[in-house]
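Topology and contacts: notes
Chain residues, written in single-letter form:
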Amino acid sequence: MSKNIDWSNLGFGYMPTDCSFVSNFKNGAWDEGELTTDHNIVLNECAGVFQYAQTVFEGLKAYTTKDGDIVTFRPDLNASRLADSARRLKIPPYDEAKFIEAVKKVVLANADYVPPYGSGATLYIRPYIMGTNAVIGVKPADEYQFRILVTPVGPYFKGGAKPISIRVCDYDRAAPHGTGNIKAGLNYAMSLYAIVEAHEQGFDENMYLDAATRTKVEETGGANFIFIKGNKLITPKSNSILPSITRRSLCIVAEKYLGMEVEHREVFFDEVKDMDECGLCGTAAVISPVGRINDHGKDIFLPSGMTEMGPVCTKLRETLTGIQMGTIEAPEGWIVKIK
Ligand code: PLP
Ligand code: COI
């Protein structure tokens, strides 16, 4: 029985569900893992995660399809990205096949929290790994915990598909040879000062530029950029942005489903004023349209306007969510059925 939740009015927030998945790494190996109803973690005060932020995470979603199945989207890519993130922070990677099994298990156990088809909400899945034993000298932990929590969510930005305003940010999110290309908690800690300042100034998000030259578009604190120019989808390429699974999927959708040209390349900030549409893409953001970009007091208004999503972003969003919700045929292997 589906839980009695007002699905259509959910924001992007946390609520505890029936259970989470937990597995521990000790003496050089991950255990089998199990479901737990305990949503709290008790760790030593000196745990690696607390002292030196040794933690990485993922984000994916479970959807109810039109036919009533519960599915998830390309979890193999989350499994491999989590392993990449882990290796970069000297965390023992979690087996990729077992990751997918654990996702299935925890979603199935919380099936009543998967929002119904058409509600606009989804079940957000947050896998993460943290260093759990005490470390005081700067070094990797020896023991780790892998957990997956799930929580039903609505749109990441209030207003859903209404265009947002962003500003060019003077703080950097990631260094040229740093950790911007992995999903490490530390990257998000880095962005907190900037996002609070942006909100105080009336902006929804920050546009980060490349730290070395400050001439190229990178990403926001939690999503990659997409730009539309004519029949082209243009997405920024950089070694210091997160390889978004949504963005990689949209490039395929644009080319194969919508007959668009796709360019994944460096995008100079100077080019932005000539774009037709701009959007943020990610698991949480899906595609959120950007209507206005403020560059130190000077506004760029995208021709798509401030009232609704532009026509190409709308088509991309409808095609992607149609694939996820089972109304449009998916490329081989993209949809993994849970129930
Ligand atoms: N960029 C950052 C910094 C993110 O945190 C996310 C969210 O996961 C994304 C991009 C989008 O990635 P994905 O589409 O894989 O969710
Ligand atoms: C996601 O889209 O899954 C994210 O992790 C973005 C944000 C909530 C950090």
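Right above here is the structure, for reference.
About the thresholds
Residues numbered from 1 in each chain as written. Chains lettered and ligands numbered in written order. Predicted model: local features only at pLDDT ≥ 70, side-chain atom pairs only at ≥ 80, totals over all residues. Heavy atoms only, no water. Near = heavy atom within 4 Å. Polar contact = N/O pair within 3.5 Å; in protein donor to acceptor, adjacent residues only side chain to side chain. Areas by Shrake-Rupley, 256 points an atom, 1.4 Å probe, with all protein chains shown as cover. Helix = DSSP H or I, 4+ residues; strand = E, 2+ residues; numbered from the N terminus. Nonpolar A, V, L, I, M, F, W, Y, C, P; charged D, E, K, R; others polar. Buried < 20%, exposed > 50% of the residue type's maximum accessible area, 1.4 Å probe, protein only. Pairing = 2+ DSSP bridges. Salt bridge = Lys/Arg side-chain N within 4 Å of Asp/Glu carboxyl O.

Here the focus is the site of ligand 1. If you check the shell around ligand 1, you find 16 residues, and the closest are Tyr188, Glu219, Ser244, Thr246 and Thr283. Interatomic distance of 2.8 Å between a side-chain N/O atom of lysine 183 and an oxygen atom of ligand 1. In the environment of ligand 1, a nitrogen atom lies 3.5 Å from a nitrogen or oxygen atom belonging to the backbone of alanine 223. In isolation ligand 1 has 380 Å² of accessible area, and contact with the protein removes 97% of it. Contributing elements (two or more residues each) for the shell around ligand 1: helix H5 (245-257) and strand E14 (277-282). Considering only residue class, the shell around ligand 1 consists of five nonpolar, seven polar and four charged.

A word on the pairing of strand E5 (residues 60-64). Burial analysis of E5 places five of its five residues in the buried class, which makes it a mostly covered element. Going residue by residue along E5, you find Leu60, Ala62 and Thr64 tucked away on one face and Lys61 and Tyr63 tucked away on the opposite face as well. Of the strand pairs in this sheet, E5 and strand E7 (residues 122-131) are connected by three bridges, and their pairing is antiparallel. Within the sheet, the bridge partner assigned to alanine 62 lies in E7 and is leucine 123. Two strands pair when backbone bridges link them, and E5 and strand E6 (residues 70-73) are joined in this way by three bridges, in the antiparallel orientation.

It is worth spelling out the pattern of salt bridges at this point. All told, the structure shown has 15 salt bridges when counted by the stated rule. The salt bridge involving glutamate 32 is made with lysine 98; its shortest N-O contact spans 3.6 Å. Of this pair, glutamate 32 sits in the loop between strand E2 (29-30) and strand E3 (34-36) while lysine 98 sits in helix H3 (residues 96-109), placing them 66 residues apart in sequence. Overall, lysine 98 belongs to the partly exposed group, its relative accessible area being 40%. Among the salt bridges present, the one from glutamate 266 reaches lysine 216, with a minimum N-O distance of 3.1 Å. In this pair, glutamate 266 is assigned in the loop between strand E13 (261-265) and E14 and lysine 216 in the loop between strand E10 (205-207) and strand E11 (224-229), connecting sequence segments 50 residues apart.

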